[in-house]
Each structure stands twice: as structure tokens, then as C-alpha cells.
Amino acid sequence: KVQSALSRAQWTAKDSSSLMLRLMMKEREQVLPEDKLFYQQIAEHIDKLLLETGKHKQGRIDGEDREKVSTQGFVEREQRYTKEIRKTEEALQKAIEDKESLQKELAKKQIELQTLNEDNAQGIRESVALQEQATAEEQQLRKELRDIVQSKRELQDKLALNQKDLELLQQENERLRQHVKAFQKDVNEILA
């Protein structure tokens, strides 16, 4: 009890200002509104505690007994608040570590997404190039097919002409055979 009373007596306005400044800095570091509110509430609470401390110091003049009772209650509350603050700070530290871990994970995922987007874009470019090549090949094959069809028609026309010529030659050949037979018959009749 004597040591805690001594540490309270050594607590200065500078220490209070430093604590409040640290709390305000912690409050500003917070991202979530409920965390900011929490630190504001702690600061207000500590501010109230500091005011109570001043009242207790003033009350010491009024009576030693009342001071002992007030001091004991204040020490217990201060210990409880210190424990609560320590727990809160530990939870805050854990939240900060979790946030950093999540930020690292997010950065990795963003890099993966960028890589996948680049791969996708490359795949699309390759696909377009293959489609263009396939279209060009298809057009070339169609042209070759048209040329082949045209050549086939020309060859069919030549074949039809040659068949007509052959037919005419066969008719002429048959006519000449008939003529030769008739001539041979005439020759045979003359010689006989």
C-alpha cells in the first residue's frame, strides 16, 4: 500500500499528458470506428480517473481515514483498469499482427491475380493469332479448292470434247470400214 501510494505521489501531470497523448496516438492509428470509440472511452475514463486522483489528494487534508479508504478503492480500480488496458493492448497487438498478415496475403493474391490476368491476355492474343492464321489458311484452301474445281471443269470440258471427237472418229472409222467392205466387194466382183 505504501509503495502504490508512493508511485501515485510520483505520478506527475507530465505523465498524465504523456499517457493521454499515447492514447490519442493509438486512437488515430485505429481504422475501425468502434476501436476509435474504445480508445476515446479509455482516454475519457483515464481523464476521469486523473480527476478523481486530484480529488483524493485534496481529500487527504480532510481526514486520514477517508484518504485511506479512498486510496484503497482507487488502487483497486487502477489495478483493474491497468489489467483491462493490458488486455486491450494485447488484443490490439494481435489485431495489428492479423492485419499485417492479411495485408501480406492480399498482396500475394493481387500478384497472383495480375499474373493470371497477364496469362489470360496472352492466351487471348494467341487465340486471336491462331484464329487469324486459321482464317487465312481456310481462305487459301478455299482458293485452292476453287482453282481445283475450275481445273476439273476445264478438264471435264476437254474430256467431253475429246469424247465427242472420239465418237466422230469412230463414226468416220465405221463409215470407212463400210466403204472398204463395199470397195472390197466391188473389187472381188470385178476380179471374179
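Draft legend 1. Layout of the overall build of the chain. Secondary structure assignment for the chain yields four helices and zero strands. Counting from the amino terminus, the chain carries its helices and strands in the arrangement α-α-α-α. With 192 residues in all, the chain has 12% of them scored as buried. Across the chain, every contact between residues at least 6 apart in sequence was considered, and the portion connecting residues at least 24 apart equals 56%. Put simply, the chain shows about 16,400 Å² of open surface, and 56% of that area lies on carbon and sulfur atoms.

Draft legend 2. Representation of the nonpolar core within the structure. Judged by nonpolar contacts, M20, L23, Y39, I42, A43, I46 and L92 together constitute the single largest core of seven residues. Among the elements of the structure, α2 (13-29) and α3 (33-62) are those that each provide at least two residues to this core. Broken down by element, the residue count for this core peaks at four residues, all from α3.

Draft legend 3. Local environment of the environment of D35. Relative to the elements of secondary structure, D35 occurs in helix α3. By relative accessible area, which is 28% here, D35 ends up partly exposed.

Draft legend 4. Main features of the pattern of salt bridges. Taken as a whole, this structure holds nine salt bridges when the rule is applied. D98 is the salt-bridge partner of K94, the closest N and O atoms lying 2.9 Å from each other. Of this pair, K94 and D98 both sit in helix α4 (residues 64-191), four residues apart, roughly one helical turn. Classification of D98 by relative accessible area gives partly exposed; the value is 33%. Put simply, E105, K109 and E112 are held in one network by salt bridges that share partners.

Draft legend 5. A look at the side chain of Q30. Considering the arrangement of structural elements, one finds Q30 in the loop between α2 and α3. Look past the residues within four positions of Q30 in its chain and what remains in contact with it is D35, K36, Y39 and L92.

Draft legend 6. Highlighting the environment of E52. In this structure, E52 sits in helix α3. Since its relative accessible area comes to 29%, E52 is described here as partly exposed. Residues E52 and F74, 22 residues apart in the sequence, show an inter-C-alpha distance of 8.4 Å. Side chain to side chain, E52 and R77 meet in a polar contact 2.9 Å long.

Cut-off values and rules
Residues numbered from 1 in each chain as written. Predicted model: local features only at pLDDT ≥ 70, side-chain atom pairs only at ≥ 80, totals over all residues. Heavy atoms only, no water. Helix = DSSP H or I, 4+ residues; strand = E, 2+ residues; numbered from the N terminus. Buried < 20%, exposed > 50% of the residue type's maximum accessible area, 1.4 Å probe, protein only. Contact = heavy atoms within 4.5 Å. Areas by Shrake-Rupley, 256 points an atom, 1.4 Å probe, with all protein chains shown as cover. Core = buried A, V, L, I, M, F, W, Y, C linked by side-chain atoms within 4.5 Å. Salt bridge = Lys/Arg side-chain N within 4 Å of Asp/Glu carboxyl O. Polar contact = N/O pair within 3.5 Å; in protein donor to acceptor, adjacent residues only side chain to side chain.

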